[in-house]
Structure formats: C-alpha cells, structure tokens
Amino acid sequence: MRAVIDYFEEGLCALIFLAMTGLGFANILVRYLSSRSLASTEELLINGFLLLTVLGAAIAAKRGDHLAVTVVHDLLPRGGKVALTILATALGCVLLGAAAWFTAELVANQMATGVLSYALQIPAWYYTVAVPAAFLLVMARFVQQAARAVRDLRSEGARG
C-alpha cells in the first residue's frame, strides 16, 4: 500500500501517457487509411497534457527536483536553512492553494453555466475537475519534501 501512495503520480502519468499515445496513434491510422481525422483526439490530448504537467509538478515536488535558487540557502547556517525551507514551503503552499481555489472556481463556473467541450460536446468540467485536486497533490508533495529536508537538516546538526 505504501508503494501505491509513494508512486501514485508516476502510475497515473503512465496511464494517461499510454492512453494519449494510443489516441494519437489511432488518429494517425484513421487519417492515413481514410483521409479523415478524429477531431476529438485533439481535445483529449490537450487535456491529457494539462494533467501530465500538473502531475509532473507533483513528482518534481516529491523528489525535490523543482526549480530552486539555492545561493542564499547555501550561505546560511543550519538554523537559517531550516527557517528558509519553512518559509519557502509556506509561500509555495499559498500559491498552490490559490491555484487549487481558482481552478475549483473554474470547475464550479463550468458546471453552473453548462459549458460544453468543443469537439465531443461533453461538459467541460469533466476535463478540469481533476486540476484542483492535482494542485492539492502538488502541495502535499511539496510539504512532504520540505518536512524531509527539515528533518535531514536537524539530524545533520545533531550529528555534527
């Protein structure tokens, strides 16, 4: 069960990417065999890329691979590094919380107005409903990584 939680994003990205690859390949086959196109595949692929991007951000946050400028961090003593890590995490959570809030508002707006997707003519919120949850997942992984970094800094101080 622990592995499922630890590698949730990677598994979901793999499934989405596999589905996107299959859709793209099917569209190519149909286009070359019948000189027609599956217009709906573009809509599905664009929304798949959106989910892959946000889930990729969660993976990067979990691994501590997100973009960071560490010049100031590296110059600080251990206590300053801990404080800066906590501050950066708090600010990141504010940003990610705002992104989740505003995308949830988008979903609510799409549901209230009945906006339909352009190709399949299904409710547009079907595509966007996962985005606020994905931002919250990025936030959780960001906090998880920061907690690990703070714990490592504190244990480094206890040893040395």
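Look up a bit, the structure's there.
Computed from a prediction, not measured in an experiment: that's the story for all the values here.

Colleague: For the overall build of the protein chain, give the residues involved together with the corresponding values.
Modeller: Looking only at helices and strands, the protein chain features 7 helices and 0 strands. When the elements of the protein chain are put in sequence order from the N terminus, they spell out α-α-α-α-α-α-α. In terms of C-alpha radius of gyration, the protein chain reaches 20 Å, well past the compact-globule figure of 15 Å for 160 residues. Over its C-alpha atoms, taken along the principal directions, the protein chain stretches across nearly 70 × 35 × 35 Å. Within the span of the protein chain, comprising 160 residues, buried residues form 31% of the whole. Taking as baseline every contact in the protein chain between residues at least 6 positions apart, the subset at least 24 positions apart corresponds to 73%.

Colleague: I'd like a rundown of helix H5 (residues 78–113), residues and numbers included.
Modeller: For H5, which comprises 36 residues, the first-to-last C-alpha distance of 52 Å matches the rise-based estimate of 52 Å (1.5 Å per residue) to within 8%. Within H5, burial applies to Lys-81, Val-82, Thr-85, Thr-89, Gly-92, Cys-93, Leu-96, Ala-100, Thr-103, Val-107 and Gln-110. Just downstream of H5 lies Gly-114, where phi reads positive at about 70°.

Colleague: Quick rundown of the pattern of salt bridges? Include the residues and the values.
Modeller: In this structure the tally under the stated criterion is 5 salt bridges. Between Asp-6 and Arg-2 there is a salt bridge, with its nearest N and O atoms 3.6 Å apart. Of the two residues, Asp-6 and Arg-2 are both situated in helix H1 (residues 2–6); the distance of 4 residues between them amounts to about one turn of the helix. The partly exposed category is assigned to Asp-6, whose relative accessible area is 21%. Connected through salt bridges with shared partners, the residues Glu-9, Glu-10, Lys-62, Arg-63 and Arg-141 form a single ionic network.

Colleague: Account for the packing of aromatic side chains, naming residues and giving values.
Modeller: By the definition in use, this model includes 1 aromatic pair. Judged by centre distance (4.8 Å) and plane angle (85°), the ring pair of Trp-125 and Tyr-126 falls under edge-to-face. Look at Trp-125 and you get partly exposed, because its relative accessible area is 26%. Judged by its relative accessible area of 45%, Tyr-126 falls in the partly exposed class.

Colleague: Mind laying out unusual backbone geometry, listing which residues take part and the relevant values?
Modeller: Its identity is not glycine, yet Gln-121 carries a phi of approximately 55°, on the positive side. Note on placement: Gln-121 falls in the loop between H5 and helix H6 (125–128).

Colleague: Which residues make up the packing of helix H2 (residues 8–34) against helix H3 (residues 39–63), and what values go with them?
Modeller: Running from amino to carboxyl end, H2 crosses H3 at an angle of 155°, the nearest separation of the two axes being 9 Å. Between H2 and H3, the angle falls in the class roughly antiparallel. The way H2 lies across H3 gives a crossing that is left-handed. By residue class, the composition of the contact of H2 with H3 is 14 nonpolar, 5 polar and 4 charged.

Colleague: How would you sum up H3? Please name residues and give values.
Modeller: The first and last C-alpha atoms of H3 sit 37 Å apart over 25 residues, in line with the 36 Å expected at 1.5 Å per residue. Two residues or fewer past H3, Gly-64 is found with a positive phi of approximately 75°.

Reading guide: rules and limits
- Residues numbered from 1 in each chain as written.
- Predicted model: local features only at pLDDT ≥ 70, side-chain atom pairs only at ≥ 80, totals over all residues.
- Heavy atoms only, no water.
- Helix = DSSP H or I, 4+ residues; strand = E, 2+ residues; numbered from the N terminus.
- Rg over C-alpha atoms; globule rule 2.2 N^0.38 Å.
- Buried < 20%, exposed > 50% of the residue type's maximum accessible area, 1.4 Å probe, protein only.
- Contact = heavy atoms within 4.5 Å.
- Expected span 1.5 Å × (residues − 1).
- Salt bridge = Lys/Arg side-chain N within 4 Å of Asp/Glu carboxyl O.
- Phe/Tyr/Trp six-rings, centres within 6.5 Å; stacked < 30°, edge-to-face > 60°.
- Axes fitted to C-alpha atoms, helices over the stretch in contact; angles between N-to-C directions.
- Parallel < 35°, antiparallel > 145°, perpendicular 65-115°, else oblique.
- Left-handed = near helix turned anticlockwise from the far one by under 90°.
- Nonpolar A, V, L, I, M, F, W, Y, C, P; charged D, E, K, R; others polar.

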